[in-house]
Amino acid sequence: MDALIAEFPLFAAGFVGTLRLCLFAAVGSLVLGTILAAFRVSPLPPLRFVGLAWVTVFRNSPLVVVLFLCAFALPLVGVRFPTFAGNAFFWPGVAGLTAYTAAFVCEAVRAGINSVPPGQAEAARAVGLTFQQTLGTIVLPQALRSVVPPLGSVIIAMIKNSAIVGAFGVAGDLFSVDSALQATSRYSALSILTGVAICYLVITIPAGIALGMLERKIEVKR
Amino acid sequence: MTSVLYDAPGPRTRRNTAVGTAVALVVLLGLVVLAVIQLAANDQLDPEKWGPLFNPANRYFVATWGALADGLVNTVLGAVLTLVFALTIGTLLAMARISSTRAYRWLVVGVIELLRGLPVVITIYFAARVLPEVGIALPPLWYLVIGLTAYNCVIIAEIIRAGVAALPRGQSEAAYAVGLTRSQVLRLILLPQAFRIMLPALISQLVVIVKDTSLGFVIFGFSEFVRAANTVIQFFIGQLGINLTLQMYIAVALVFILVNYGLGKLAEYTERRLGRARRSAAPPELATAGAGAGGAAGGA
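Model, not experiment: these values are computed from the prediction.

**Thoughts on the interface of chain B and chain A**
Facing 43 residues of chain B, the contacting portion of chain A comprises 46 residues. Within the residue set of the side of chain B that touches chain A, elements represented by two or more residues are α1 (11-41), α4 (102-116), α5 (120-133) and α10 (245-281) of chain B. The greatest single-element share of the side of chain B that touches chain A, amounting to 9 residues, is contributed by α10 of chain B.

What follows is the structure in structure tokens.
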């Protein structure tokens, strides 16, 4: 705790680093995950296969292995990431976190689309709406509502997973605070890590509460 | 659900689908060919690099997998011990949250929210660095188990609580009516049923635990599967001049995918079976109530 107060600027920088890492990965995984979800419900079998393969591989492998692949194996096959503000592991971290989280986003989006009862689309077609009208005014708005809560949980989990990127190499996030302070040996591990833990809780607990409120607000009453 | 959006495909749609499939296949094949060219250009298709992991006839095969198996033992041990501790503590937490007085319940909710909000890697790292500092030196495996249990016990507590909440009210009402005490109702009536309907969710959580054992890599001097893989990679680079980094991580990922895919299928199977059992066990007039509870379990 005393480390957090005495070294506040260092913790603040790590906090911003974590947020930056999460922002890139969140945008990337939401976009990629939505594309994969579209693949999974697509009428074209090869695309469905790609979606399913991605989800099976990345949901079942540990993030650590994905990150190792991105950071150490991809450079061997000619994929080299630039450094970000001197942090060699930032972009490999973003890439690994994005690929991993996209699989979970994909499943959340797909579950949301499937959660709209078929009767809704049937009724829409029965009153004579076209395909675009059915999808745009009946199915998608309802799907979106039921997708938001699980997507929120996926993103909160991703924020927590971002700590693994930091644990694994210098990414300029909250975890780097520990290595920086450990080197000075002025603080106990308890003091440093309590500070790091509080910084994560400052993000995850309010995010969880906000998500719960949002969930109650947009809940579809059936 | 996609099918209710539009009519059954006519000849033109079927033709478009066929053309689209062909185009997608060609594009995919092109990507695969590109990937293979890229691998070959960087010397990654060398049988010398794949052999020690994928070819039983290779002279390093047995030694390589022997070294990996040592790590795998720790991974499995870590996962099993975590499951046992997390189930026990999680059940106690769930009971405390359901049955205790208000002040006490707030405490339990506080602990649950706190541990749920922390990254698992932080709880493991915390256990590994802080416990020795305060004089509790344990074999490294226990730091992993303690860190994983701290996180997973609250998740399991929440799963069990959701299971109890999904049970029909009549269950506890009937139990109280025949004169059982609060703790008996919970122990004899609610918890066994909650475990039953939450079995698929608990198995899914086991997948998470198995994956998270790999976070043991933050513990200094602890060799689980991923760390053992890194040691083997270093050995091959240092002693034999063979860089099989890519091949090794692919092999490690495959092992995890196989185990977790199997566990995932087991969860699905259990869910289907439980759904069937509930439907057939309930007499017709109660079938809707049973289906409602089962549906809530599936959604959680």
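**Description of the UniProt feature "transmembrane region" (unreviewed entry) in chain B**
All names here are of chain B. Under the local residue numbering, the UniProt record ascribes the feature "transmembrane region" (unreviewed entry) to residues 21-41, 61-94, 106-128, 140-160 and 240-263. When the span residues 106-128 is considered, its composition is 87% helix and 0% strand, and the gap between its end C-alpha atoms is 29 Å. A helix fraction of 100% and a strand fraction of 0% characterise residues 140-160, whose end C-alpha atoms lie 30 Å from each other.

**Side note on the UniProt feature "domain: ABC transmembrane type-1" (unreviewed entry) in chain B**
This chain's UniProt record puts "domain: ABC transmembrane type-1" (unreviewed entry) on residues 72-267 of chain B. Structurally, residues 72-267 of chain B comprises 83% helix and 0% strand, and the distance from its first C-alpha atom to its last is 23 Å.

**Remarks on the UniProt feature "transmembrane region" (unreviewed entry) in chain A**
Residues and elements named next belong to chain A. Residues annotated by UniProt as "transmembrane region" (unreviewed entry) correspond here to residues 12-39, 51-77, 89-109, 151-172 and 192-214. With 100% helix and 0% strand, residues 12-39 has end C-alpha atoms that lie 40 Å from one another. For residues 192-214, the helix share is 100%, the strand share is 0%, and the end-to-end C-alpha distance is 34 Å.

**Some points on the packing of helix α3 (residues 61-99) of chain B against helix α9 (residues 225-240) of chain B**
Residue and element names in this part refer to chain B. For the pair α3 and α9, interaxial distance at closest approach is 7 Å and the crossing angle is 155°. Taken together, the axis directions place α3 and α9 in an arrangement best described as roughly antiparallel. Judged by the sense of rotation from one axis to the other, the crossing of α3 with α9 is right-handed. Here Thr 64, Ala 67, Leu 68, Asp 70, Gly 71, Leu 72 and Thr 75 of α3 come into contact with α9, specifically with Phe 225, Arg 227, Ala 228, Ala 229, Thr 231 and Val 232.

**Focus: the packing of helix α2 (residues 8-40) of chain A against helix α5 (residues 90-115) of chain A**
Residue and element names in this part refer to chain A. Between α2 and α5, the shortest axis-to-axis distance is 6 Å and the interhelical angle comes to 40°. Judged by the angle between their axes, α2 and α5 are oblique. Note that α2 runs across α5; the crossing there is right-handed. Contact residues: α2 offers Leu 21, Phe 24, Ala 25, Gly 28, Ser 29, Leu 30, Leu 32, Gly 33, Thr 34, Leu 36, Ala 37 and Arg 40, while α5 offers Phe 90, Gly 93, Val 94, Leu 97, Thr 98, Thr 101, Ala 102, Val 105, Cys 106, Val 109 and Arg 110. Residues of the contact of α2 with α5, tallied by class, amount to 14 nonpolar, 7 polar and 2 charged.

Rules used throughout
Throughout, a residue's number is its position along its own chain's written sequence, starting from 1. Labels are handed out in written order, letters beginning with A for the chains and numbers beginning with 1 for the ligands. Residue-level local features of this predicted model are given only where pLDDT is at least 70; pairs of side-chain atoms are given and counted only at 80 or more, and the full residue set underlies all totals for whole chains, interfaces and linings. Contacts are defined on C-beta atoms placed from the backbone: any two residues whose C-beta positions lie within 7 Å are in contact. Strands are runs of DSSP state E lasting at least two residues, helices are runs of H or I lasting at least four, and both sets are numbered from the N terminus onward. UniProt positions are given in the numbering used here, feature names are shortened, and annotations may be inferred rather than shown by experiment. Orientation is described by lines fitted to C-alpha atoms, with helices fitted over the stretch in contact, and by angles between N-to-C directions that extend from 0 to 180 degrees. Angle categories: roughly parallel below 35 degrees, roughly antiparallel above 145, roughly perpendicular from 65 to 115, and oblique for all the rest. Each crossing is labelled by how the near helix is turned from the far one, with a counterclockwise turn of less than a right angle marking it left-handed and a clockwise turn marking it right-handed. Each residue gets one label: Ala, Val, Leu, Ile, Met, Phe, Trp, Tyr, Cys and Pro are nonpolar, Asp, Glu, Lys and Arg are charged, and the others, such as Gly, are polar.

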